[in-house]
Structures are given as C-alpha cells and as structure tokens.
Amino acid sequence: MLLLSFGVFFTAALHLVAAVPPLKQRIKQRVGDKAYGPAFGIASLLGILLIVLGWRAAGFVFVYEPPEWGWIANGVLTLIAFVFLGIFLFRGSWRRKLRFPMAFAAVFWATGHLLANGDMASIILFGGFLIYAVLHILIGTANGVRPSPVVREGHNLLSVLGGIALYGVMTQLHMALIGVPVFQLS
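For clarity, every value in this text was computed on a predicted model and none was experimentally measured. (Residues numbered from 1 in each chain as written. Predicted model: local features only at pLDDT ≥ 70, side-chain atom pairs only at ≥ 80, totals over all residues. Heavy atoms only, no water.)

Q: Describe the overall build of the protein, naming the residues involved and giving the relevant values.
A: Helices and strands together make up the secondary structure of the protein, namely 8 helices and 0 strands. For the protein, the sequential pattern of α-helices and β-strands runs α-α-α-α-α-α-α-α. Compactness check: the protein gives a C-alpha radius of gyration of 17 Å against a globular reference of 16 Å for 186 residues, within 12% of the reference. The C-alpha extent of the protein, read off along each of the three principal axes, is 50 × 40 × 30 Å. Split into buried and exposed, the 186 residues of the protein put 35% on the buried side. Considering only contacts in the protein between residues 6 or more positions apart, those separated by 24 or more positions represent 79%. On the protein, roughly 11,000 Å² of surface is accessible, and the fraction owed to carbon and sulfur atoms is 72%. (Helix = DSSP H or I, 4+ residues; strand = E, 2+ residues; numbered from the N terminus. Rg over C-alpha atoms; globule rule 2.2 N^0.38 Å. Buried < 20%, exposed > 50% of the residue type's maximum accessible area, 1.4 Å probe, protein only. Contact = heavy atoms within 4.5 Å. Areas by Shrake-Rupley, 256 points an atom, 1.4 Å probe, with all protein chains shown as cover.)

If you want it as structure tokens, here you go:
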C-alpha cells in the first residue's frame, strides 16, 4: 500500500501546484513555458501509473462495513461528479461561476466511493483524493485562482449532457478498467 499512498500523494501534490499561482509560475519559468504542459502531463501520467500499480498490488484489508445504501449513494454522487467533470471540460459560464469544478468532481467521486468501499486501499485512494480536492478548493480560493475568462456560449447544456454521457461510458468500462462491476445483475 506504500506505492498506492505515494502515487496518491505525488498526484495530489503535483495538482496542488495549480492552486498556488506564484509557485506554478516559478516552475514554469524553470522548466520553460512550452515544456511545462508536456512535463506536467508526463508527471500526471506517472502519478496515475503509480496509483494503478499500487491499487493492483494492494491486498484487501477490511476497515469498516459500508452502509447497505452506500452503492446507491456512490452511483448518485459519481453521476454528479461526472456532471462537474463535464462543466470543467466544456468550459461554459458555469465553469467560471464554480471556479473549481474538477475539484468538486473529485469531492463527490471520492465521497461516493468511501460510502461504497470499506477497505484500506479505498481509504487511501478515495480519502487521499478527497483531502486533496478540499485543499485545492481552499488553497485556490485563498490565492484568488480563477478559471480562464474565455467562456464558450451554449456549453452549459453540453457540459451536463457530456458529463452524463461520460458517466454512462464509465459504468460500462468500469469492470474492464478497474476490475469491479458497477452494477451486479444476478
């Protein structure tokens, strides 16, 4: 579980840089404006790889029994998370109003999964991302972080529809990608 913990910490720390504009600017100056995006992308992929490898290597360690309704709450909260993801991706006016739609998406996604899973690896992964997302919102707000002022007109409806569509795709791919079915029909 050490690899999983490190992967979550590395990914969270990497993404918290965006919540501190002076730090982000110093890193951009050091790496170079053109190299920053690709370097950030490669580092993000490395973090995801560490999380995936750590998750797959982690054995099941029982911590608590999730409530019976936890899987329903997870489904609803994850759907809300995907709508927030759509708001982040489609860049309508709601993105400017919410300021941190991706962090809010992580809050809903992590909370839902903590209600549906009671093992140590889940606590590390989802609890870690929940802490990261809350910190991102708090630190970003304290530093006056705002999304790009560029707004794509008409994209608010697209963001909701896109988020719902992505949720549908993920429910179908969850077993193949994560190894856990979203719905168990028997």
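Q: Kindly report on the nonpolar core, identifying the contributing residues and their values.
A: Leu4, Val8, Ile51, Leu125, Phe129, Tyr132 and Ala133 are the most contacted members of the largest nonpolar core, which has 21 residues in total. Of all the secondary-structure elements, those providing two or more residues to this core are helix H1 (2-16), helix H6 (101-116) and helix H7 (120-142). Looking at which element gives the most residues to this core, the answer is H7, with 8 residues. Filtering out sequence-adjacent residues up to four positions away, Ala133 remains in contact with Ala103, Ala106 and Val107. (Core = buried A, V, L, I, M, F, W, Y, C linked by side-chain atoms within 4.5 Å.)

Q: Please set out a nonpolar patch on the surface residue by residue, giving values where relevant.
A: A cluster of nonpolar side chains, Trp69, Trp71, Ile72, Val76, Val182 and Phe183, forms an exposed patch at the surface whose accessible area comes to about 630 Å². Relative accessible area serves as the criterion here: at 31%, Val182 is assigned to the partly exposed category. (Patch = residues over 30% accessible without salt bridge, like charges linked within 9 Å, V, L, I, M, F, W, Y side chains within 5 Å. Salt bridge = Lys/Arg side-chain N within 4 Å of Asp/Glu carboxyl O.)

Q: I'd like to hear about the environment of Gly112, residue by residue, with values.
A: Inspection of the secondary structure puts Gly112 in helix H6. Owing to a relative accessible area of 0%, Gly112 belongs among the buried residues under this scheme. Distance from Gly112 to Ile87, taken between C-alpha atoms, is 19 Å for residues 25 residues apart in sequence. Those residues in contact with Gly112, other than ones at most four positions away along the chain, are Gly70, Asn74 and Leu77.

Q: Mind laying out helix H8 (residues 155-178), listing which residues take part and the relevant values?
A: The periodicity of an α-helix, 3.6 residues per turn, causes residues three or four places apart in sequence to face the same way. Helix length check: H8, at 24 residues, gives a terminal C-alpha distance of 30 Å against a target of 34 Å (1.5 Å per residue), a shortfall beyond 12%. Roughly 45 degrees is the biggest bend found in H8, and it falls at Gln172. Here H8 has its buried residues at His155, Asn156, Ser159, Gly162, Gly163, Tyr167, Thr171 and His174. Close packing links the buried residues of H8 with helix H4 (70-90), helix H5 (93-98) and H6. (Expected span 1.5 Å × (residues − 1). Bend = angle between axes of the 7 residues up to and from the residue.)

Q: Let's hear about the layout of surface pockets: which residues, and what values?
A: One number sums up the size of the largest pocket: a volume of about 1,700 Å³. Lining the largest pocket are 42 residues, with Trp109, His113, Phe126, Met170 and His174 sitting closest to its centre. In terms of residue count, H4 provides more of the lining of the largest pocket than any other element does, 8 residues in total. Residue composition of the lining of the largest pocket, by class: 28 nonpolar, 12 polar and 2 charged. Around the second largest pocket sit 22 residues that line it, and Ala18, Lys24, Phe88, Arg95 and His136 are the ones nearest its centre. For the lining of the second largest pocket, the elements supplying multiple residues, two or more each, are helix H2 (21-31), helix H3 (33-57), H6 and H7. (1 Å grid on protein atoms, 1.4 Å probe; cavity = no way out; pocket = protein on both sides within 12 Å on 5 of 7 lines; lining within 4 Å. Points joined across faces, edges and corners; volume = space filled by probe spheres on them. Nonpolar A, V, L, I, M, F, W, Y, C, P; charged D, E, K, R; others polar.)

Q: Break down the side chain of Thr78 for me, citing the residues and quoting the values.
A: As for its position among the elements, Thr78 is in helix H4. When its relative accessible area of 9% is taken as the criterion, Thr78 is described as buried. Residues contacting Thr78, with those up to four places away along its chain left out, are Trp109, His113 and Tyr167.

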